[in-house]
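Coordinate inspection notes
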Amino acid sequence: MKKVITFGTFDVFHVGHINILERAARYGDYLVVGVSSDQLNFNKKQRYPVYSQEDRVKIIQSLKFVDEVFLEESLELKLEYIKHHQANVLVMGDDWAGKFDWVKDACEVIYLPRTPSISTTEIIEVVRSGKKNV
C-alpha cells in the first residue's frame, strides 16, 4: 500500500483545501493528514486559528478521501511523523517548495500548486473588512 502524508492548518476551510487534499490522495492508496495544532499555528503566524484544532480535525476527518488525521505539534518533527505513519510520499503546497527536501531520503516529496486566488488569510481579511464576494 502506498501511503501519502500531508500537513496543514486547514482553518476557515475552503475549496483550495479540498483541491490539494483530493490531489494528494491521488498519489497513493491511503491519505494521512497532519492538522497543525493551535499552538503550532500561533508559533508560525503569531495568531491562533479561527477554528479550534478539534473542529479543524473533525472537518478533515469528514472528507471521504482522507483515511487518517492526527494533530501536528511541531514543524521539526516532520520526519518522525513520516516514519511513524510509514508514508511513502509527502505532499505539500508549492508555497513550501524546497523546504522539505531534507526528508527525501525517507520518502518522495511532491509540491503541488495552490488553487489560485484563494487563501485563508485573504478570506479572514475580507471578512474583517466587511467586503463581499470573496
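Up top is the structure.
Now for a description of the structure that goes with this document. Just so we're clear, the structure is a prediction, and the values are computed from it rather than from any experiment. (Residues numbered from 1 in each chain as written. Predicted model: local features only at pLDDT ≥ 70, side-chain atom pairs only at ≥ 80, totals over all residues. Heavy atoms only, no water.)

Moving on to the sheet that holds strand S2 (residues 30–36). What the five strands build is an open sheet, ordered S3-S2-S1-S4-S5; its pairing is parallel. At either end of the open sheet lies a strand with only one pairing partner, and these are strand S3 (68–72) and strand S5 (108–112). Shown here is a sheet whose adjacent strand axes are inclined to one another by a mean of 25 degrees, direction ignored. Docked against the sheet, helix H1 (residues 15–25) engages strand S1 (3–8), S2, strand S4 (89–93) and S5, running at close to 145 degrees with respect to S2. (Pairing = 2+ DSSP bridges. Helix = DSSP H or I, 4+ residues; strand = E, 2+ residues; numbered from the N terminus. Axes fitted to C-alpha atoms, helices over the stretch in contact; angles between N-to-C directions. Contact = heavy atoms within 4.5 Å.)

This next bit is on the side chain of Ser36. Looking at where Ser36 falls in the secondary structure, it is placed in strand S2. At a separation of 3.4 Å, a polar atom in the side chain of Ser36 contacts the side chain of Glu72. In contact with Ser36, other than residues within four places in its own chain, are Gly8, Thr9, Lys44, Arg56 and Glu72. (Polar contact = N/O pair within 3.5 Å; in protein donor to acceptor, adjacent residues only side chain to side chain.)

Here we take up the environment of Tyr48. As for its placement among the helices and strands, Tyr48 is situated in the loop between helix H2 (38–45) and helix H3 (53–61). Owing to a relative accessible area of 46%, Tyr48 belongs among the partly exposed residues under this scheme. Sequence spacing of Tyr48 and Asp11 is 37 residues, and the spatial spacing of their C-alpha atoms is 9.7 Å. When near neighbours in sequence (up to four residues on either side) are disregarded, Tyr48 contacts Asp38, Gln39, Asn41 and Phe42. (Buried < 20%, exposed > 50% of the residue type's maximum accessible area, 1.4 Å probe, protein only.)

Our next topic: unusual backbone geometry. Phi is positive for Phe10, close to 55 degrees, though the residue is something other than glycine. Look at Val12: it is not a glycine, yet its phi comes out positive at around 45 degrees. The exposure class of Val12 is buried, given its relative accessible area of 16%.

The values reported here are purely geometric and, on their own, carry no functional implication.
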